[in-house]
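# Analysis of the macromolecular model
Here are the chains, one letter per residue:
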Amino acid sequence: DLPPWAALGKPERPDTARSWAVLGYRCLVPLYDASGALVSLRARSVTGATPKAVPPTGNHLAPPIHYGVRGLVMANPVGRKLLRDGQAPGWWPSGKPLEVWVAEGETDFLAIASQWTIDDREHPAVFGVESGAWVPEIAARIPFGSVVVVATDDDPAGEKYAAKVIETLRGRCEVRRWTAERAKRAVRA
């Protein structure tokens with residue numbers, strides 16, 4: 001039996017509910033709040049279904065719980081530690097600014113975050129954002145003097161996400177604005 005939050009269908013017709021997996025939403029990506037707590041997730045289509053990603057409530061077939069993305073980010077292990085502690089990990093090289101990447105969407109987040117292993121000495125914090133995800137509380141967890149690479153799509157939505165991140169870090173961090181494609185090429189090099 002599938003929990004109602006993991007189904008899509010018509011709210012007025014619960015019999016139309018189909019599981020995420022059956023509909024092609026097979027990639028589950030956890031979402032964290034500014035304290036580093038796992039509070040939600042997104043199911044991402046791997047088959048080209050529309051919409052590309054859905055929250056746990058599916059299509060309102062679940063109880064009246066709202067699982068939005070506001071204030072929630074995808075985060076690699078270093079990013080989760082950063083959210084919890086608000087400082088660079090103890091193993092980060094002394095005197096070197098912490099490196100933080102902010103990517104747009106599940107696929108760019110996964111593509112960038114997977115470029116480093118946890119054993120890499122300079123494994124950066126990597127965050128993924130959706131519309132409305134980046135909030136001042138998350139920005140406040142990034143230490144003063146960090147180098148932040150904002151890698152969003154080269155379109156109006158990506159520019160909007162980037163502007164929000166840059167605005168919240170202005171004067172505290174060195175911010176570099178890259179397109180998602182440039183970022184993926186750079187981390188592969």
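All figures in this text were calculated on a predicted structure; none of them were measured in a lab.

### Overview of the overall build of the protein
Along its length, the protein carries six helices and 10 strands. When burial is assessed residue by residue, the protein has 47% of its 189 residues classed as buried. Expressed as a percentage of contacts within the protein between residues at least 6 apart in sequence, the contacts between residues at least 24 apart total 68%. Of the roughly 9,700 Å² of accessible surface on the protein, a fraction of 53% belongs to carbon and sulfur atoms.

### Some remarks on the nonpolar core
Membership of the largest hydrophobic core comes to 26 residues, with the highest contact counts inside it found for Val73, Val100, Phe127, Trp134, Ile142, Val148 and Leu169. Those elements that provide at least two residues to this core are helix H2 (77–85), strand S7 (99–104), strand S8 (125–129), helix H4 (136–139), strand S9 (147–152) and helix H5 (156–169). Residues within four places of phenylalanine 127 in sequence aside, it is in contact with Val73, Met74, Ala75, Gly79, Leu82, Leu83, Val100, Trp101, Val102, Ala103, Phe109 and Trp134. Counting 16 residues, the second-largest nonpolar core is a separate cluster that includes Leu72, Met74, Trp101 and Val149.

### A few points about the sheet that holds S7
The five strands are arranged S6-S8-S7-S9-S10 in an open sheet whose pairing can be described as mixed. Bordering the open sheet on either side are strand S6 (74–75) and strand S10 (174–179), each of which pairs with just one other strand. Bridge analysis of S7 against S9 gives five bridges, and the strand direction is parallel. When the bridges of S9 are listed, valine 100 appears paired with valine 148. Across the face of the sheet, helix H3 (residues 105–113) comes into contact with S6, S7, S8 and S9 while running at roughly 150 degrees to S7. Docked against the sheet, H5 engages S7, S9 and S10, running at close to 165 degrees with respect to S9.

### A few points about the packing of aromatic side chains
Enumeration over the complete set of coordinates arrives at four aromatic pairs. Here tryptophan 91 and tryptophan 92 contribute two aromatic rings whose centre-to-centre distance is 6.0 Å and whose plane-to-plane angle is 50 degrees, an arrangement assigned as tilted. Under the relative-accessibility criterion, tryptophan 91 is labelled partly exposed at 32%. Measuring from centroid to centroid gives 6.3 Å for phenylalanine 127 and tryptophan 134, while their planes differ by 70 degrees, and the two rings are edge-to-face. Note on phenylalanine 127: relative accessible area 1%, which makes it buried. Through a chain of ring-to-ring contacts, the aromatic side chains of Trp101, Trp116 and Trp178 assemble into a single cluster.

### Quick notes on the layout of surface pockets
Vacant regions in the atomic arrangement are exposed by a probe of water-molecule size rolled over the atoms. Space inside the largest pocket adds up to approximately 180 Å³. Arg42, Arg44, Lys52, Ala53, Glu104, Gly105, Glu106, Thr107, Asp108, Glu130, Asp153 and Tyr161 are the residues that line the largest pocket. Elements represented by at least two residues in the lining of the largest pocket include exactly strand S4 (38–45) and H3. With four residues, the top contributor of residues to the lining of the largest pocket is H3.

What counts and what doesn't
- Within every chain, residues take consecutive numbers counted from 1 along the sequence as written.
- Residues qualify for local features only when their pLDDT is at least 70, as the model is predicted, and side-chain atom pairs are given and counted only at 80 or more; totals for whole chains, interfaces and linings, by contrast, use all residues.
- The side-chain quantities take in all heavy atoms of the structure and omit both hydrogens and water.
- Put simply, DSSP H or I for four residues or longer makes a helix, DSSP E for two residues or longer makes a strand, and each gets a number counted from the N terminus.
- Summary of the burial criterion: residues with accessible area below 20% of their type's maximum are buried, those above 50% are exposed, and those between are partly exposed, where the area comes from a 1.4 Å probe applied to protein chains only.
- Here, residues are in contact when the closest pair of their heavy atoms is within 4.5 Å.
- Every accessible area reported is derived by Shrake-Rupley at a probe size of 1.4 Å, with residue values counting cover from the shown protein chains alone.
- Throughout this description, the term nonpolar core refers to a set of buried Ala, Val, Leu, Ile, Met, Phe, Trp, Tyr and Cys residues connected via side-chain atoms within 4.5 Å.
- In this analysis, strands are considered paired if DSSP registers two or more bridges between them.
- To get an axis, fit a line to the C-alpha atoms, keeping to the stretch in contact for a helix; angles then go from 0 to 180 degrees between the N-to-C directions.
- Ring pairs shown here join Phe, Tyr and Trp side chains whose ring centres sit within 6.5 Å, with only the six-membered ring taken for Trp; geometry is labelled stacked below 30 degrees between planes, edge-to-face above 60, and tilted in between.
- Here a cavity means grid points, on a 1 Å grid over the protein atoms only, where a 1.4 Å probe fits yet cannot get out; a pocket means an open set of points with protein on both sides within 12 Å along at least five of seven lines; lining residues are those with an atom within 4 Å of a point.
- Grid points are joined across faces, edges and corners, and a volume is the space filled by probe spheres set on the points.

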